[in-house]
Each structure stands twice: as structure tokens, then as C-alpha cells.
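Remarks on the overall topology
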Amino acid sequence: MELELLEKYAKILYGSVDRNLTLEAEKCFGELSKSTTFLSTCRDYLNSTSNGYLQYWIATEIKKHVTTHFHSYSSTQLIELRNFVLLYLEQRWKNFERAILVAFLTLIARIIKLNWDDHERHDIIQILDSLSSGKLSDFIITMKMMNYLIEQFSAIIPSSESLLEHRKRSSSFRGNVLLYIMKHNLTILKAIQEQISESVNKNDNSYIGNKNDLSGLNENENEIFLKICQNKQKFITEENRELCLLSLELICKCLSYDFNGTRYGISEPATDRFIISLPTNWSEIVQNERVLELLFDLYDGSKTLGPKVLKVIFYLTSIKQNALYDEKQNSLYLARLIRGLLSISIISNLKDYSLTEQQNSNFENENNESFDLISLDYIESFHQFCRIIFKLENNYPIRNLIELQSFGDLIEEIVRLTFFCLHTIQLENSEYYLIQFWGRLGESLKFIKSNKKGFQNELIPVVNCISQILKTFLSEIFQYLQCEEREEDIEDLENPLEESSRFMINLESLSNLALLNYPETAELLDGLFIEAFNNYKKYMTKYAGSPNCKIYAYQLSILLMLIGSCIGNNSKTNFSSIEQIQKIDSILSSKIFRLIEWNDSFLLQSEQEGIEILEISIIYFLNNFSRVYIKSRNSSQIIIYKELFKLVNISNNSEMLFLILNKIINNLKIWTNAEKVISKNLEFFDELSQMYKSGRMILKIENINNLFENHTAYNFPFLDYYSEKKWYRSKFYKILGRLLFLDEKKNIILERFFFFVKPFVERSVLISNKMKKRESIDRDFKKLVTGFLKDIKGLIQSVRNSKAYQIIFDWIYPDYTDLFFQILDFFIDCPIIVINCLKLLNELTFNRSSRISFSNSSPNGVFLFKAIANSLIILGYHYFTAEGGGNSSNHERDNFGKTIINSDDINIKNVNFQINDNKNLHILRLMQETLYSALSADYVNLGVFELYNDDTLKNVINIIIKLTCSITFEKMTTYPKYYISFYNLLQIIFHYLLEFVITEGNDEIFLQLFEKIIYGISLPEKVVFENCFSSINSLLQFYYKNHENKYLKNDKKLHLVQIIHEIFKQNSNLLSYILLNLMDFVIFEFKYDNSNIASPLLPLLLICEEQFIIYRNKLINRTDENEQEQILLIFENLTDGIKSNLENSNRENFSEKLNTFRIEIRKFDVHEK
């Protein structure tokens, strides 16, 4: 193709908005990319063109091509390609746009990673050395290449390497090249720093000495350091600044590298709590005190360079302590680090600040003052500095920090920064790190013992400081909420209980601060609570609905959450007296119980709407209180109830549980459409019902029977409101069912149960009558049926033992199973009802905790399976056939409205199945899961169907399989839940019911299933490829054991073996295709365990010895001649000593040999065909 035409098409591809022209360009480039001479053609075009569009397309397309087909190229070919691109880049990169440069650098890095070996490893170090010839431009391009190399070796290439391959390459790169990059960039930084120091000293003789030596500073120290920073910014050139930024970024990437291989190919740490575990050969860098001094010397307070320097220091602070080997070196390193941090923050122009009450008051009154930060002038620098403070407490024991002589100075600086941060709204992101530091410090203080002189005296200001921080934090939030002057934008206020809110992300740390000096904190919280409660009552009584009601509800919510968190974590308090702790808890709790009583009474009498956030915080408090004082087995609880009896007349945990239960039930009755309130209450109720102790106590409450008898949507309106969506109805009845079946006496359970299900019986009659009359399917009818199905599903979910399940089954079968059948038939056009009905049937047949256990003489297992199977058969026939078409009106019906179709009359072969949309795919998944639950439940002997000539089992398997075969691979991969359920079902069918898959004259279905199995091996989910291996193993094991068995007398097995043999004979390439795929997976993939792949591979090798030899010879012929004899020996060792049987001892021997084979074969340069 002519170069000019390609350049034109390249410009159209990336710059045209005309769709027709773009399609034409895509077609042209598509043909080029499929060419057998693609790489050589691209080289010729690159040598001839200067068109940026074409250069960019070639670079990106070569990268895709090499990534996809790199097994097709030898190591020598890839090295030649790499050298060509390197030379091309070296000659032309200065003229490239940024996107083109990135494309070529990424291509080089990708080739190097995919072709990584000892030869390549040494080459790359030589290449990097040769590129750095001394010119500034050469340094820049070298550093950019280093950057993309680290990126490639940090992240997995999904389409071309397994996780273990990535780890192997990543580890080799780390051990040889990454350390070189680290040292290279530190050397550059050192050279630049020396140039800056020399320039500063020449032009400013007023300052002599090392700035890290803080002794002897006079009262004008801030001016001196300000001048130093200004001089640094003045004398650092733009070229040096660019080099500094590139070097610092590379050092960050080196330090944040996945040294342990635990991030599964993710290039960056997921959280700030990560710890860097350096290899031992990196310790010389960490131990070198000049590294820290170099970084602190480079810090100039600028907007660009400052944050990068601090980010590198953050990573250095994250290094695991034992990387420094001994405690003395740890202490020295920590001392140097803190001395450097103090040298940065000491140049701030913050006014000297101590922690006396008067000065703190002055500070709070002056929060509008402009604080002129010099070295931390920019938000990003401040943020990185706070991350370093956070990392100090995260990575170093608090005891080590306290032992330092500079600990007092450090705390003073952090105090000043914390108060400044609390009063500056732009610094909320940084505030998190400082609050976390104080929270960890407060939590640890009571466990710390030190021989340091005056240690206890040092702690007194720390404790006082922490109390002041908590007070200031609450004061700032309350001041933000006090917005009488902005009533118009009250709705724009941040919800303090949102997970991402300033308060919630710091809640745990704030509770640790509060517990450090619990009596003083309790007094503060008590005073704030009384004030907020009085204001709330005032405005709710006189001005209900005004913005101020919401403001004070927000304040109460914050206090409730904090008090609840303190009670839930009161074991962390600094006081050892349980009695003192529980007295404080009782005082705070009594105020909240009065709030609950007043609020519920007021809302009931005034018929006013409550405030949602307040109810959520009340439930949070009650949940934490119940964990400590109801659900735990602590005998000392008696103390708090003595105090509560005096204050609010609650004398024991039973009375407390009665109060909590009433609160939950009232909320569920009142808050009809408040989704969060309903959700939190149901979660709390569910937690209470799951605990044996609290569940038993609930049953002893007098009015619990009233709940069992009055639980409909009339009593709890939220059931109707959420009937067609969410899980609330099922969860509600799951909780009630769990309580219902908790009693050990069966007669009591039966009595309660039949009272409980009366509303279900009434609704079932109503639904039946409506369907008999063929009433139109309106929204109310749908809501009625959907709610009915969800309620029963929730009730079945609560069952955990055979006694309870038998009660449920006796009630459901046969009346309600017939009703479910009729609902499926009647509402065939309503996906939401079909989905909910299938979920119910799946739950009914799911043998959770072996709850389905009928007696030996009971036919209930057969009845249950047939009811489930017939529902699936009819649903599949109606819902997915062109004949039914989703419309069952064509069929004759009985007087009840039920379609007259016998599953025995269905001719599966003549049905044309169609999967139209994702809803149908979702329904098919539920059908597969339901059948899987029924087949794997082990409550029925499936042989009885064949014994009595019942085709139910055959029909249901056939219809599900036929539906499944209509789904393309592309459709399957868009819906992982579907293909997971499909392979689960396929595994159990191949293992137990092979005769239903392999039938005479039905080869096409079997071959489609086998194709899907081979495809499934490449899917990422472990459970999927394990099921695929198991399915192959079941088939091959059955065939191998029975094919040449002269003593086999079972006619059914003989017939099945003959059919399998005919299929293999007619499709002669089938077994060799399976062998090829499995052997390729063994050699070229790493994600498969030997035990999984060895199981199907052993019978395959025994059956296909000739095909194995052919595969071996082809693979050997693709390798270097010098290596062929060694590879042949490896293959011979794999089969040596393997016997012609499938006994366990032979399987174990083969699995061990396969593991050795895999390790040895990977040492050679073998390539996938």
C-alpha cells in the first residue's frame, strides 16, 4: 500500500468526524494488521514517514501484535525488533509529540518484559547506560524509559502472561534493574543538589553551616530559612527542576514497587497503610544517612518540587523496620527523619502556641486569621507532610517515638498543624491523617511503659492536647451546622453520617481520643448533648419542620454516634475500673434513652415526620450498647443496670432488650419510605435474632406473639412500599422465621407457625381467585404476587434444621407448589414475578445445612424434585420457545386457568429456543441454579425416575441443556454469574448423569457442550476451570474404564460407551484437540493447580498415546537444536513409570511428575504454536 495513502488514512482515523471515512480507514488498517509481513512492513513505513498519526498507529499496533502473538516469535526476533525501535527512538524522539513518545516507550518496555531472560536483563542495563551519554536530553529520555519499564513490570499483562509469569519477571527485574534505577536517580539528585548549594553559597555568605543542625539559631531563624528557600528556588534552573521531578517520580515508583508480589499485578498500593518490605540488598540505601539529608536539602517549599520531595520521604517512612536490621539503627534513622521533618516545619510562620485554656480560647476566637505558611504554603505539600505524620504511627511503635529526645518538639509541631488544619476547610483531606495519628497515640498510651526520665510528665500535655483536639473538632463541626443565617441552603449541608463525611471517616479515631480521658470527655459530651437536646425539643415543639430542627438533629446524631462508638470500644479506655466505666456509660446512655422516649412520644402524638438521620444514629447507638451489655457474657453488666435503674428505671438486660425491640418495631411501622432507616433497623434486628442469647431473650418478651400474629403490610407499610424491589421483605420474614423456629418444643412451634401463616393463606386464596377469573395484570396485582413470593422465600431462608424444614414442607406441598406452578404460567410475560418465583423454588430445594432430610420411607424427596422439575420444564417451554413466544394464551386451559400441558408430551427436539435479552438470560441462570440445587441436594435417589419410566429428570435436563446451547460465547462472557452457574450444573451432570448428555443421534448437543468446556478453561474464575477439568475427567474416566472392559455386563453402560466411541470415531480430532489444549495450558499457563489438570490429563494420555507423541515432536521441532534432546528427556520422564490404570496411587504419581515436567519445560525457550 502506498505510503501517502496510509498517511492520509492515519489522519482520518484520529482526526476525522466523518463516520464513513473512519470506517474506510479502519478497514484499510485492519487488512494491514492481519498481514503475514506486518512487522517488516511497519519497519519500512517507519523509516520512510515523518507523519505523527501514522507513527502513533504503528507503535500502538505493534504493541498489540507482539502482546497477542509473542509466543510466535523467537527471542532473537524480539531483540531485533527492540533494537530497531530503540535506534529509531534515539534518532527522532526530540521531534515527537508526547503521545507518540509515550507509545514508543511503552512498546519498548512491553517487548523487554515479554522477552525477559538473563540475556535481556543484562542488555537493558547496558542500554540505559549507553543512552545516558551526559547530555541533558539523553538523561531525560533515559529516565522516561525507566519510568515505563517500571510501569510494565509492576502490572500484569492479562492477555499474554499468567500471574505467576508476571511475578517471575517482576522479581527478576526487581533484583537486577530496579536497584540500578534507584541508585542512578539518587546520583542525579545529589549532583543537582551540589550545584544548588554551590550557587547559594556563592551568592549568600550570611549563612554558613548545615541547615539540619538546629542548634544556635537566633530569633530571626524564620527569616534565615525563608531566604534559603527563596535562594534555592532562584538558583535551580528549569532543566534541573525537570530532572529533579523525573528522578523523584522514579524513586517513588521504585519504593512503591510490589516487592512481595502480593498485589496481583496492581501497580500502586491500595491504601496508605501499606508497608514496604525491601530486599536485603537495598538496605545500604536506607541506612545511608545522606539519602534523607539529600531530600531535606532539596526541599524548597515550591508548588512543584516540594510535594514530590515529601512524597519520597513518605515512602521512606513506609519501609518496614527490620530492613534496618537492628534497634540502634532504627532509632538513629527515626531520629534523623524527625529532625528533618522539624527542619521543614520550623520555618513556618505560625505563632508560638501552647495548650493553656486561655491561649486555646484565643486561638479559637482568631480562626479567621490568615496563617502565612512558608514551607507548607501549598495544599499538596501540607497533605504529603500529614501523610508522613500518619505513617510514623502506622509503621513505628509509639514507644519508639516517645523514647526520642525530640518527641516533645514533634508533638508540639503536630499540635500546631492539627489546630491549623481543623480551622481550615481546604485541608479536610489532610485532617484525616492527623486525627488518625492522635487516635492511634491515644489508644496506645495506656500500654506504653518507658524508662525515659520524666516520661509521665511528658504524657500529661499529650493527654490534655488530645482532649483539646476532640473539643475543637466537635466545635468546628457544630459551628458549621449552626447556620441560622443561611436557612435557604440548609439542604446543601453535608450529611454528617455519610460514609465519606468528615465525621464518619474519623469516628473510630475520635472515640479513641475520647476514651483516653473518659471522665472529662463524658462531661463534655454530656454538656453538648443536653444543650442540643433542649434546643431540639424547643424547635420541634414550636417550629416543627424549620431548618433549625434539622440542625440540632444533626448535632444530636453526631453525639449519638460518638457516644455509641465510645461504649462499643470502652475496653480501650485508659481506666481499669469497670465500675467507673459503666457509671459513665450509664449517665450518657440515660440521656439518650430519654431522647428516644421523648422523640417517639412526640412524633406519635403530633403525627409529625421525624428526622431520618437521628433515627439512624439512635440505631447505631443501640447496636453498640447491645453488643457490650446484652449479647456479651460479661457478668459485670449488673453494675450498669443498677445505675440505669436509678436514672431511667431499666433494671436488667431483658427490659433493655424490650426497649430496643419496641424501637425497632416502631421504626419499621412508621418509616415507610425511608430506605436507610428500614435497612439499618432490619440489619440490627437480624443481628439480634442470630445471637443465641438475645434470640432466646426475645422469645421471652410478653408481646412477641403479637408480632407473630400481626406482621402484614397493614401493620408494617414498608412491606408494600418495597414489594417489587430491594431485599427488605425477604429479610423481614427471614428474621421472624428464625425467631419462630427457635423454640425447642415442636408443639409450641406448630401452634405459633399456623397463627403466623394465616395472612399467607388469605393472600394465596386471593391470588388464586384473581387468576381463576383471568383478571388483568395491573400494578397492584403484580405487587401482591411479588410480595407473597418474597415473604415465603424469606420464611424458607430462616430454616436451618430438618425439623423446621419438615414443618415448612408439609405446609407448602402440594397446595403451594401447585400455586407456584400456576403463578409461573399465568405471569409468564412478567419477568419480575418469574424471577422471584424461581428464587423461591431455588431456596425451597437448596439443602442448606443438610436441612432437607426426609425419612427412608417418605416419598417427599421425589415429590419435591418433581414439583421443581415440572416448573422448570413448563417455564422453559413457554418462556423461551417461538411456539410459546412468551404467550400461553394459545393453549387449552382447565377451569382453574392452568395450561393443560403434560411434560411427557413435550418434544424437546422440535422446540425452537430463543434468548432475546439479558432478563431472559437472568431467568435462565436462576433455572440452572435451581436445577443444580435439586440435583446436588441428595434428598432423592434419581434412579427412581428411570425405574418407573418417569421422564421428568430427562426432560428437565434436556430443556436446560438445549437452552444453554443457544447462548453464544460472547453472550456468556458478558454475564459472569450466568456462566458460573452453567459450569456448576454441567459438572454435576457429567459426573452423575452422563447418559442424558450423550444420546444416540444427538451428537451436536454433546459437541457444543464440549466446546463450551474447552472455552471455559480460559475463563478467569477458579471455580469455572475446576468444573471444566472435572467434567472432562468424568467423561474420559468413564470411557477409559469401560471401553475395553470385557466383563462389563450392564447394557446401559455398554450402550453409552458405544455411543461415546462412535462420537470420538466420527470426530477424530476431538481427543487430540483436548490434548493439545490441556498440554498448552500445562506448559504456557500458571494459574492451574496440578491436582486439577492432572485428573483429566492422565486418562487422556492413556487413551491418546499416539497424539501425545505427535504433539511432543511438533513442540520439540519448534525449539533450538541444542535443546531438543533435553526437552525429549523431560517428556519421557513425564510418562516413565505411569501405569495403565486410574488408581489413586497412579494419579498421585502422575501429578508429581506433571509438576516436575512443568518446572523443567519452562526453563527452555519453547513457543506456543
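Residues numbered from 1 in each chain as written. Predicted model: local features only at pLDDT ≥ 70, side-chain atom pairs only at ≥ 80, totals over all residues. Heavy atoms only, no water.

**As for the overall build of the chain**
As a reminder of what qualifies: Secondary structure counts use DSSP, requiring at least four H or I residues in a row for a helix and at least two E residues in a row for a strand, with both numbered from the N terminus. Categorising residues by exposure relies on relative accessible area from a 1.4 Å probe, with only protein chains included: less than 20% of the type maximum marks a residue as buried, more than 50% marks it as exposed, and the intermediate range marks it as partly exposed. The contact rule is simple, with two residues in contact once any of their heavy atoms fall within 4.5 Å. All accessible areas in this document rest on Shrake-Rupley with a 1.4 Å probe, and a residue is counted as covered only by the protein chains that are shown.
From N to C terminus, the chain includes 53 helices and 0 strands. The buried share of the chain, reckoned over its 1169 residues, is 56%. Residue pairs in contact within the chain that sit at least 24 positions apart in sequence constitute 77% of those at least 6 positions apart. Roughly 53100 Å² of accessible area belongs to the chain as shown, and the carbon and sulfur atoms make up 47% of that amount.

**Brief notes about the pattern of salt bridges**
Quick note on the threshold: Here, a salt bridge means any side-chain nitrogen of Lys or Arg that lies within 4 Å of a carboxyl oxygen of Asp or Glu.
Counted by the stated rule, this structure contains 25 salt bridges. One salt bridge connects Arg752 with Asp743, and the closest N-O pair in it is separated by 4.0 Å. Of the residues examined, Arg752 reaches a relative accessible area of 14% and is grouped as buried. A relative accessible area of 15% means that Asp743 is categorised as buried. Salt bridges linked by common partners bring Asp720, Arg729, Arg763 and Asp791 together as one network.

**What to know about the packing of helix H43 (residues 952–965) against helix H46 (residues 1003–1016)**
In plain terms, the rule: Think of each axis as a best-fit line through the C-alpha atoms, taken over the contacting stretch in the case of a helix, with angles from 0 to 180 degrees between the N-to-C directions. The cut-offs work like this: below 35 degrees is roughly parallel, past 145 is roughly antiparallel, 65 to 115 is roughly perpendicular, and the gaps in between are oblique. Crossings are assigned a handedness: left-handed for a near helix turned anticlockwise from the far helix by less than a right angle, right-handed for a clockwise turn. Three categories are distinguished: nonpolar for Ala, Val, Leu, Ile, Met, Phe, Trp, Tyr, Cys and Pro, charged for Asp, Glu, Lys and Arg, and polar for the others, with Gly belonging to the last.
Contact pair H43 / H46: the axes reach a minimum separation of 10 Å and the direction vectors enclose 60°. Classified by the angle between their axes, H43 and H46 sit oblique to one another. Considering the relative orientation of H43 and H46, their crossing is left-handed. Every residue of H46 that contacts H43 at Ile961, Thr964 and Cys965 is listed here: Ile1005, Gln1008, Leu1009 and Lys1012. Classifying every residue of the contact of H43 with H46 by side-chain character gives 4 nonpolar, 2 polar and 1 charged.

**Describing the packing of aromatic side chains**
Any aromatic ring pair is given by two values, namely how distant the centres are and how the planes are angled relative to each other. Our working definition: Here a pair means two rings of Phe, Tyr or Trp (six-membered ring of Trp) with centres within 6.5 Å. Their orientation is stacked below 30 degrees between planes, edge-to-face above 60, and tilted elsewhere. Lysine and arginine charges are scored as sitting over a ring when NZ or CZ, respectively, is within 6 Å of the ring centre and within 35 degrees of the ring normal.
Scanning the model with the defined rule gives 62 aromatic pairs in all. Judged by centre distance (5.3 Å) and plane angle (80°), the rings of Phe259 and Trp282 are edge-to-face. In this pair, Phe259 sits in the loop between helix H11 (238–255) and helix H12 (283–287) while Trp282 sits in the loop between H11 and H12, placing the two residues 23 residues apart along the sequence. Of the two residues examined, Phe259 and Trp282, each falls in the buried class. The ring of Phe533 carries the charged tip of Lys537 above its face, separated from the ring centre by 4.6 Å. Over the ring of Phe716 we find Lys669; its NZ or CZ atom is 5.7 Å from the centre of that ring.

**Points about the packing of helix H28 (residues 653–670) against helix H29 (residues 675–690)**
H29 packs onto H28 with a crossing angle of 145° between their chain directions and a minimal axis gap of 9 Å. Classified by chirality, the crossing of H29 by H28 is left-handed. Only Val677, Ile678, Asn681, Leu682, Phe684, Phe685 and Leu688 of H29 make contact with H28, whose side of the interface consists of Leu657, Ile660, Leu661, Lys663, Ile664, Asn667 and Leu668.

**Considering helix H20 (residues 428–444)**
Our working definition: A helix's residues, less one, multiplied by 1.5 Å, set its expected span.
Its 17 residues give H20 an end-to-end C-alpha distance of 25 Å, which sits within 8% of 24 Å, the value for a rise of 1.5 Å per residue. In terms of residue burial, H20 counts as a mostly covered element, since 12 of its 17 residues are buried. Within the span of H20, buried status applies to Ser430, Glu431, Tyr433, Leu434, Ile435, Gln436, Phe437, Trp438, Gly439, Leu441, Gly442 and Ser444.

**Details of the side chain of Arg752**
Within the secondary structure, Arg752 sits in helix H34 (residues 746–756). Beyond its immediate chain neighbours, meaning those up to four positions away, Arg752 contacts Leu699, Asn705, Phe708, Leu740 and Asp743.

**Description of the confidence of the model for the chain**
Selection rule: Confidence per residue, as judged by the predictor, is encoded in pLDDT with a range of 0 to 100.
Scored by pLDDT, the chain has a mean of 81; 83% of the residues are at 70 or more. Looking at the elements of the chain, mean pLDDT is at its lowest for helix H16 (residues 357–365), recorded as 41, and at its highest for helix H39 (residues 831–845), recorded as 94. Low confidence marks residues 206–226, where pLDDT is under 50. Its contacts with residues over four positions away, or in another chain, come to 24 contacts. With pLDDT under 50 throughout, residues 882–911 is counted as low confidence; its partners more than four residues away or in other chains account for 61 contacts.

**A word on the environment of Lys144**
Here Lys144 lies in helix H8 (residues 136–154). Look at Lys144 and you get partly exposed, because its relative accessible area is 26%. Those residues in contact with Lys144 that lie beyond four places of it in its chain are Leu101, Leu105 and Leu246.

**As for helix H27 (residues 638–648)**
In an α-helix, one turn spans 3.6 residues, which is why side chains three or four residues apart end up on the same side. The criterion, for reference: Arc definition: directions from the helix axis to the C-beta atoms.
Among all positions of H27, only Ile640, Tyr641, Glu643 and Leu644 are buried. Seen from one end, H27 has its buried residues packed into an arc of 160°, which puts them on one side. Exposed and facing more than 90 degrees away from the buried side of H27 are Lys642 and Lys646. Next to the buried residues of H27 lie helix H25 (578–606), helix H26 (612–629) and H28. Trailing H27 by a residue or two, Asn649 shows a phi angle of about 65°, which is positive.

**Here we look at the environment of Asn47**
In this fold, Asn47 is placed in helix H3 (residues 38–48). Here the alpha-carbon distance between Asn47 and Tyr88, two residues 41 residues apart in the chain, equals 8.1 Å. Sequence-distant contacts of Asn47, defined by excluding residues within four places in its chain, comprise Phe84, Tyr88 and Arg92.

**Considerations on unusual backbone geometry**
Across the junction of Tyr813 and Pro814, the peptide omega takes the value 5°, indicating a cis bond. Along the chain, the position of Pro814 falls in the loop between helix H37 (802–812) and helix H38 (815–826). In this structure, Ser850 is a non-glycine residue whose phi angle is positive, near 55°. Topologically, Ser850 is positioned in the loop between H39 and helix H40 (860–879).

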